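A structural walkthrough
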Amino acid sequence: MDFFAVIAFLFLFYIRPQEWMSLVLDRPLVQYVMIIGLISMLIKHKGLTFRDIMKTPHDWMILLFFIWVVWTAPLKGDAFAEMRNLVLFYLVIVQALLSTDRLRKFLTWWTWLIFTVAALALAGEYGYDPMKSYDLTHGLSMQGRLCLNSSIFNNPNDLAHGVVPALAMLYFLNVWNRPIFMKEVTVFLLLVPAYCILLTQSRGGYAAGGGSFMASMLF
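Predicted model, so just to flag it, every value in this text is computed and none were measured. (Residues numbered from 1 in each chain as written. Predicted model: local features only at pLDDT ≥ 70, side-chain atom pairs only at ≥ 80, totals over all residues. Heavy atoms only, no water.)

Side note on the pattern of salt bridges
Our working definition: Think of a salt bridge as a Lys or Arg side-chain nitrogen and an Asp or Glu carboxyl oxygen that are within 4 Å of each other. Each residue is placed in one exposure class: buried if its accessible area under a 1.4 Å probe, protein chains only, is under 20% of its type's maximum, exposed if it is over 50%, and partly exposed if it falls in between. To qualify as a helix, a DSSP run of H or I must reach at least 4 residues; to qualify as a strand, a run of E must reach at least 2; elements of each kind are numbered from the N terminus.
For the structure shown, the criterion picks out three salt bridges. For R16, the salt bridge identified is with E19, shortest N-O distance 2.9 Å. Owing to a relative accessible area of 31%, E19 belongs among the partly exposed residues under this scheme. Its salt-bridge partner being D101, residue K105 comes within 3.3 Å of it at the nearest N-O pair. Of this pair, K105 and D101 both sit in helix α6 (residues 100-123), four residues apart, roughly one helical turn. Residue K105 is classed as partly exposed on the basis of its relative accessible area of 41%.

Description of the packing of aromatic side chains
What counts here: Centres within 6.5 Å make a pair out of two Phe, Tyr or Trp rings, where for Trp the six-membered ring is used; the pair is then stacked when the planes are under 30 degrees apart, edge-to-face when over 60, and tilted otherwise.
One pass over the structure, following the stated rule, counts ten aromatic pairs. Considering the side-chain rings of F106 and W110, the 5.7 Å spacing of their centres and the 55 degrees angle between planes classify their relative orientation as tilted. Here F106 and its partner W110 are both found in helix α6, four residues apart, which amounts to about one turn of the helix. Of the residues examined, W110 reaches a relative accessible area of 31% and is grouped as partly exposed. With a centroid separation of 5.1 Å and 70 degrees between ring planes, the pair formed by W112 and F115 is classed as edge-to-face.

Notes on the packing of α6 against helix α8 (residues 156-163)
Pairs of packed helices are described in terms of their axes, by the angle between the two and the distance that separates them. What counts is decided by this rule: Here an axis means a line fitted to C-alpha atoms, over the contact stretch when the element is a helix, while the angle between two N-to-C directions is reported on a 0 to 180 degree scale. Under this scheme an angle from 65 to 115 degrees is roughly perpendicular, one under 35 degrees roughly parallel, and one over 145 degrees roughly antiparallel; angles in between are oblique. The sense of a crossing depends on the near helix, which, turned anticlockwise from the far helix by less than a right angle, makes the crossing left-handed and, turned clockwise, makes it right-handed. Contacts are assigned to residue pairs that have any heavy atoms within 4.5 Å of one another. Classification used: nonpolar for Ala, Val, Leu, Ile, Met, Phe, Trp, Tyr, Cys and Pro, charged for Asp, Glu, Lys and Arg, polar for all others including Gly.
The N-to-C vectors of α6 and α8 enclose an angle of 140 degrees; their axes lie 9 Å apart at closest approach. In terms of orientation, α6 lies oblique with respect to α8. Seen from above, α6 lies across α8 with left-handed handedness. Touching I114, V117, A118 and A121 of α6 are L159, G162 and V163, all from α8. Looking at the contact of α6 with α8, its residues break down into six nonpolar, one polar and no charged.

Here you go:
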């Protein structure tokens, strides 16, 4: 159940049905998922201690970042409330991804959700527009630069940078050391995020896409 909560959180973060689907509009879905994740984690890891939580350097970096943000914020109570939820879900995710198999499944879901974001943005240009992105893209402010009508992808630069990771992720999941038929299919799949980034006309997105893909190839 903890892994289900992690994937559900990813889905809500990227697809954000609570912002555009009338059935769940403005429902606190993320809070529900967080509660499920925390309960599942506590049931699965009985007797969870501080040492179990703080195992790696990035665990300590998250803790120090949390302390620094709250300490330097003018409204410490509000900052604590916002950061608390993020840190708690970071904890749920880390405790859920305790095997290579789960990490691979998490990466696969993550990749396809980013792919879905790119596909939804492009679909708005070709008649399927459930999120009403076409009017935003072709309004006076964006002037044809591709957007997705959600709170985190509603401008071209955010959409481009959000979609960029899918290029390397798709490559390593379905091309690198994979059977030839998967490579051929993935070449066409890569066109979706690549075309999405192209239509954003985001120079930062182009630079980030090229730089991150080249860096991943070096590794």
